Amino acid sequence: MIANPQRQPYPSDLSDSEWEILKPLVPLPNGFGHPIEVDFREIFNAIFYVQRTECQWKMMPHDLPPYGTVYRYFKK
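Every chain's residues receive numbers from 1 upward, in the order its sequence appears when written. For a predicted model such as this one, the threshold for reporting local features is a pLDDT of at least 70, and the threshold for listing and counting side-chain atom pairs is 80 or more; totals across whole chains, interfaces and linings nevertheless cover every residue. Where side-chain values are given, they derive from all heavy atoms of the structure, hydrogens and water being excluded.

*Asks:* Quick question: what am I supposed to make of the pattern of salt bridges here?
*Replies:* Where charged atoms from two side chains of opposite charge come close, those side chains can pair. The term salt bridge refers to a pairing of a side-chain nitrogen on Lys or Arg with a carboxyl oxygen on Asp or Glu at a separation within 4 Å. Across all of its chains, the model carries four salt bridges by this definition. Where Asp16 meets Arg41, a salt bridge forms, and the shortest distance between an N and an O atom there is 2.9 Å. Here Arg41 lies in helix α2 (residues 40-53) and Asp16 lies in helix α1 (residues 16-22), a separation of 25 residues in the sequence. Here Glu20 and Lys23 are joined by a salt bridge, their closest N and O atoms 3.4 Å apart. Connected through shared salt-bridge partners, Arg7, Asp13 and Glu42 make up one network. A run of DSSP states H or I qualifies as a helix once it reaches four residues; a run of E qualifies as a strand once it reaches two. Both are numbered from the N-terminal end.

*Asks:* What's the story with unusual backbone geometry in this structure? I'm lost.
*Replies:* Excluding glycine, most residues fall at negative phi; most peptide bonds, likewise, are trans. One non-glycine residue with positive phi stands out, namely Glu54, at about 60°. By the secondary structure assignment, Glu54 is in the loop between α2 and α3 (67-75). Exposure is judged per residue with a 1.4 Å probe applied to protein chains only, and the accessible area is read against the type maximum: over 50% gives exposed, under 20% gives buried, and values in between give partly exposed. On the basis of relative accessibility, which here comes to 70%, the residue Glu54 falls in the exposed class.

*Asks:* What is the right way to look at the nonpolar core in this model?
*Replies:* It is characteristic of soluble globular proteins that their nonpolar side chains tend to be buried jointly. Here the nonpolar core consists of buried residues drawn from Ala, Val, Leu, Ile, Met, Phe, Trp, Tyr and Cys, with membership extended through side-chain atoms lying within 4.5 Å. In this structure, Ile43, Ala46, Ile47, Tyr49, Val50, Trp57, Met60, Leu64 and Val70 together form the largest nonpolar core, which totals nine residues. It is α2 that provides the largest number of residues to this core, a total of five residues. Aside from chain neighbours lying at most four places away, what touches Ile43 is Val38, Pro65, Thr69, Val70 and Tyr73. Contact between two residues is taken to exist if any of their heavy atoms lie within 4.5 Å; hydrogens are not considered.

*Asks:* Can you help me understand the packing of aromatic side chains in this one?
*Replies:* The relation between two aromatic rings is expressed through the spacing of the ring centres and the mutual angle of the planes. Planes of paired rings set the category: under 30 degrees apart is stacked, over 60 is edge-to-face and the rest tilted, where pairs are Phe, Tyr or Trp rings (Trp by its six-membered ring) whose centres lie within 6.5 Å. One pass over the structure, following the stated rule, counts seven aromatic pairs. Three or more aromatic residues joined by ring pairs form one cluster here, namely Trp19, Phe44 and Phe48.

*Asks:* Whenever I open this one, the packing of α2 against α3 confuses me. Can you help?
*Replies:* How two helices pack is summed up by the angle between their axes together with the distance between the axes. Every axis in this analysis is a line fitted to C-alpha atoms, fitted for helices over the stretch in contact. Angles between the N-to-C directions lie between 0 and 180 degrees. Interaxial distance between α2 and α3 falls to 10 Å at its minimum, and their mutual angle equals 85°. Taken together, the axis directions place α2 and α3 in an arrangement best described as roughly perpendicular. When α2 is examined against α3, the residues Phe40, Ile43, Ala46, Ile47 and Gln51 are found in contact with a partner set consisting of Thr69, Val70, Tyr73 and Phe74. Note on residue classes: Ala, Val, Leu, Ile, Met, Phe, Trp, Tyr, Cys and Pro are nonpolar, Asp, Glu, Lys and Arg are charged, and everything else, Gly too, is polar. For the contact of α2 with α3, the per-class residue count stands at seven nonpolar, two polar and no charged. Roughly parallel refers to an angle under 35 degrees, roughly antiparallel to one over 145, roughly perpendicular to one between 65 and 115, and oblique to any angle outside these ranges.

Structure representation (structure tokens):
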């Protein structure tokens, strides 16, 4: 299940079972600061897309989250 149901899945997308393994490792909001507005599964999908295709961050498909957001989480 992808966050944007209009987009076709990529071969690099996480399967449901892979996401269930990673989901507990995603930090929960701590109640301070700006609320989290990103879908972390889509962030992971975008990171894996870049790593698998070896494309540049700015050349990510437009149906994934913005490359700046994805890269910021990748650096963390």
